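Secondary and tertiary structure notes
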Amino acid sequence: MNLSDFQNKDVINILNGKKIGNIIDCKIDPSTGQILSFLLVPFKGAFSFKGNNKVDIDYKNIERIGEDVILVNYKE
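Nothing here was measured: the structure is a model prediction, and the numbers come from that model. (Residues numbered from 1 in each chain as written. Predicted model: local features only at pLDDT ≥ 70, side-chain atom pairs only at ≥ 80, totals over all residues. Heavy atoms only, no water.)

**Some points on the overall build of the chain**
Across its full length, the chain holds one helix and six strands. Starting at the N terminus and walking to the C terminus, you meet the elements of the chain as α-β-β-β-β-β-β. For the chain, with 76 residues in total, the buried portion stands at 24%. Once local pairs closer than 6 in sequence are excluded, the contacts in the chain between residues at least 24 apart make up 33%. For the chain, the accessible surface area stands at approximately 5400 Å², while carbon and sulfur atoms represent 49% of it. (Helix = DSSP H or I, 4+ residues; strand = E, 2+ residues; numbered from the N terminus. Buried < 20%, exposed > 50% of the residue type's maximum accessible area, 1.4 Å probe, protein only. Contact = heavy atoms within 4.5 Å. Areas by Shrake-Rupley, 256 points an atom, 1.4 Å probe, with all protein chains shown as cover.)

**Things to note about the layout of surface pockets**
In this model, the largest pocket occupies a volume close to 180 Å³. Lining the largest pocket are Asn16, Lys18, Lys19, Ile20, Pro42, Val55, Tyr74 and Glu76. Each residue belonging to the lining of the largest pocket can be placed in one class, and the counts come to four nonpolar, one polar and three charged. (1 Å grid on protein atoms, 1.4 Å probe; cavity = no way out; pocket = protein on both sides within 12 Å on 5 of 7 lines; lining within 4 Å. Points joined across faces, edges and corners; volume = space filled by probe spheres on them. Nonpolar A, V, L, I, M, F, W, Y, C, P; charged D, E, K, R; others polar.)

**A short note on the packing of aromatic side chains**
For the structure shown, the criterion picks out two aromatic pairs. Their ring planes at 40° and their centres at 5.1 Å tell us that Phe6 and Phe38 sit as a pair that is tilted. Taken as a pair, Phe6 in helix α1 (residues 3–7) and Phe38 in strand β3 (residues 35–42) lie far apart in primary sequence, 32 residues in all. We classify Phe38 as buried; its relative accessible area is 2%. Grouped by ring-pair contacts, the aromatic residues Phe6, Phe38 and Tyr59 constitute a single cluster. (Phe/Tyr/Trp six-rings, centres within 6.5 Å; stacked < 30°, edge-to-face > 60°.)

**Brief notes about the sheet that holds strand β6 (residues 69–72)**
Hydrogen bonds between backbone groups are what pair the strands of a sheet, and the pairing can be parallel or antiparallel. Strand order in the open sheet formed by six strands is β4-β3-β2-β1-β6-β5, and the pairing between neighbours is mixed. The open sheet has two edge strands, β4 (55–58) and β5 (62–65), and neither has a second partner. For this sheet, the mean inter-axis angle between neighbouring strands, taken without regard to orientation, is 40°. Direction of pairing for strand β1 (residues 10–13) relative to β6: parallel, over a ladder of four bridges. Counterpart to Asp10 in the pairing with β6 is Val69. (Pairing = 2+ DSSP bridges. Axes fitted to C-alpha atoms, helices over the stretch in contact; angles between N-to-C directions.)

Written as structure tokens, this is what we have:
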């Protein structure tokens, strides 16, 4: 699977069912090659133009990767 495959999926928080955002990048451990976390642009709604904050989700918090969504356990 390529990073671009992840970028096309919505990231949903299983704790409240809300969309967190979309993946724009990932952090990789250079010594092992393992994914450490995903960097997301937060979803703020269709008419919201607030800030440019990013969300960092640890890979261990990913519960399931589906065809259209990635489900994560994320405490805001």
